[in-house]
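The chain contents come next:
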Amino acid sequence: MKKIIALTLGLSAALSAQAHMLWLERGTDSQTHAFFGEYSDQLKDTQDSALKSFNTATAIQDKQKLKAKVEHDHLSYATKGTADVQLSNELIYGESLLTYHAKAGRQNLKAESELDIVPTQINSNTFTVFYQGKPASGVELTVFSPQYWEKKYTTNQQGQVKVETPWKGQYVIEISKEADKAGKLNQQAYKKQYLVTSLSFIH
């Protein structure tokens with residue numbers, strides 16, 4: 001992944017906007033846990049660093065909004081059942097808008113964010129990448145296995161890709177995109193946008 005911009009968020013740790021990602025894990029306690037960091041190395045930010053900036057992010061499950069329970073190295077959400085969960089957050093750093101979106105599950109067949117990963121059928125291993133509501137061809141994805149093995153894929157002309165899942169356990173798919181987009185967030189102006197989206201599921 002390209003390290004495009006340093007993300008400090010006013011904290012001591014210097015991060016990379018595209019090296020870091022937001023991802024969700026479904027716990028055995030019916031909770032959904034949100035982490036921010038580098039998934040392949042299992043480096044998880046804490047309340048002493050950038051995770052603090054996600055504390056007010058609201059998760060959504062079955063159209064229900066869920067507030068976070070703040071933990072040292074993650075956020076916990078009181079989800080129920082097997083319905084998909086999603087979480088989004090936006091941050092300003094310098095002149096850039098950093099947009100993070102994370103989902104858990106393969107039941108929702110509609111794109112919910114500007115950059116999204118959607119299964120073609122419920123629980124399918126074939127996914128369509130959407131950007132601004134349209135299938136996006138030539139987009140590179142990184143897939144992480146339960147052993148944190150990673151493999152690159154590229155979407156076809158229909159914006160689709162079939163992911164291999166040879167092992168049992170959790171898989172995480174990540175995509176990112178840079179956009180020339182200007183605007184304001186909370187009265188702060190930005191000139192570029194970096195989008196990072198993840199989808200986790202159990203096979």
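Treat the numbers as computed from the prediction; the structure is a model and nothing was measured.

Helix and strand counts for the chain stand at zero helices and 21 strands. Computed over C-alpha atoms, the radius of gyration of the chain comes to 16 Å, within 12% of the 17 Å expected from 2.2 N^0.38 for 203 residues, which places it in the range of a compact globule. In the chain, the share of contacts with a sequence separation of at least 24, taken over all contacts with a separation of at least 6, comes to 50%. Between the averaged position of the 23 positive side-chain charges in the chain and that of its 21 negative side-chain charges there is a distance of 6 Å.

Before going further, it helps to spend a moment on the pattern of salt bridges. Tallying each qualifying case throughout the model produces seven salt bridges. Between E71 and K69 there is a salt bridge, and its shortest N-O distance comes to 3.8 Å. Here K69 falls in the exposed class, since its relative accessible area comes to 54%. Between K191 and E95 there is a salt bridge, with the nearest N and O atoms lying 3.7 Å from each other.

This brings us to the environment of A34. Along the chain, A34 turns up in strand β4 (residues 32–38). The exposure class of A34 is buried, given its relative accessible area of 1%. When near neighbours in sequence (up to four residues on either side) are disregarded, A34 contacts W23, L24, H74, L75, Y77 and L87.

Before going further, it helps to examine the packing of aromatic side chains. Applying the stated rule across the entire model yields 10 aromatic pairs. A ring pair is formed by F36 and F54, whose centres lie 4.6 Å apart and whose planes are at 35 degrees; its orientation type is tilted. Residue F36 is located in strand β4, and its partner F54 is located in the loop between β5 (43–44) and β6 (59–61); the two are separated by 18 residues in the primary sequence. For the pair shown, F36 and F54 are each scored as buried. On the basis of an interplanar angle of 85 degrees and a centroid distance of 5.1 Å, the ring pair of F36 and Y100 is categorised as edge-to-face. One end of the pair, F36, is in strand β4; the other, Y100, is in strand β11 (residues 96–104), and 64 residues separate them in sequence. An aromatic cluster of three or more residues is present, and its members are W23, F35, Y39, F144 and Y148. Its end group placed over the ring of F35, K44 keeps NZ or CZ at 4.2 Å from the ring centre.

Below, the discussion takes up the sheet that holds β11. The sheet built from eight strands is open, its strands ordered β7-β6-β10-β11-β21-β18-β15-β16 with mixed pairing. For this open sheet the edge positions go to β7 (64–66) and β16 (150–154), each flanked by a neighbour on one side alone. The average angle at which neighbouring strand axes cross in this sheet is 20 degrees, direction not considered. With nine bridges connecting them, strand β10 (residues 85–93) and β11 associate as antiparallel partners. From the neighbouring strand, L91 faces β11, where its bridge partner is L98.

This part is about the pairing of strand β13 (residues 126–131). For β13, the buried fraction is high: five of the six residues fall into the buried class. Inspection of the sheet shows strand β12 (residues 115–119) paired to β13 by five bridges, in the antiparallel sense. Within β13, the position partnered with P119 by the bridge is F127. Hairpin connection, β12 to β13: the antiparallel pair is bridged by six residues, and N123 has positive phi, about 65 degrees.

Definitions and cut-offs
Residues numbered from 1 in each chain as written. Predicted model: local features only at pLDDT ≥ 70, side-chain atom pairs only at ≥ 80, totals over all residues. Heavy atoms only, no water. Helix = DSSP H or I, 4+ residues; strand = E, 2+ residues; numbered from the N terminus. Rg over C-alpha atoms; globule rule 2.2 N^0.38 Å. Contact = heavy atoms within 4.5 Å. Lys, Arg positive; Asp, Glu negative; His and termini not counted. Charge placed at Lys NZ, Arg CZ, Asp CG, Glu CD. Salt bridge = Lys/Arg side-chain N within 4 Å of Asp/Glu carboxyl O. Buried < 20%, exposed > 50% of the residue type's maximum accessible area, 1.4 Å probe, protein only. Phe/Tyr/Trp six-rings, centres within 6.5 Å; stacked < 30°, edge-to-face > 60°. Lys NZ or Arg CZ within 6 Å of the ring centre and 35° of its normal. Pairing = 2+ DSSP bridges. Axes fitted to C-alpha atoms, helices over the stretch in contact; angles between N-to-C directions.

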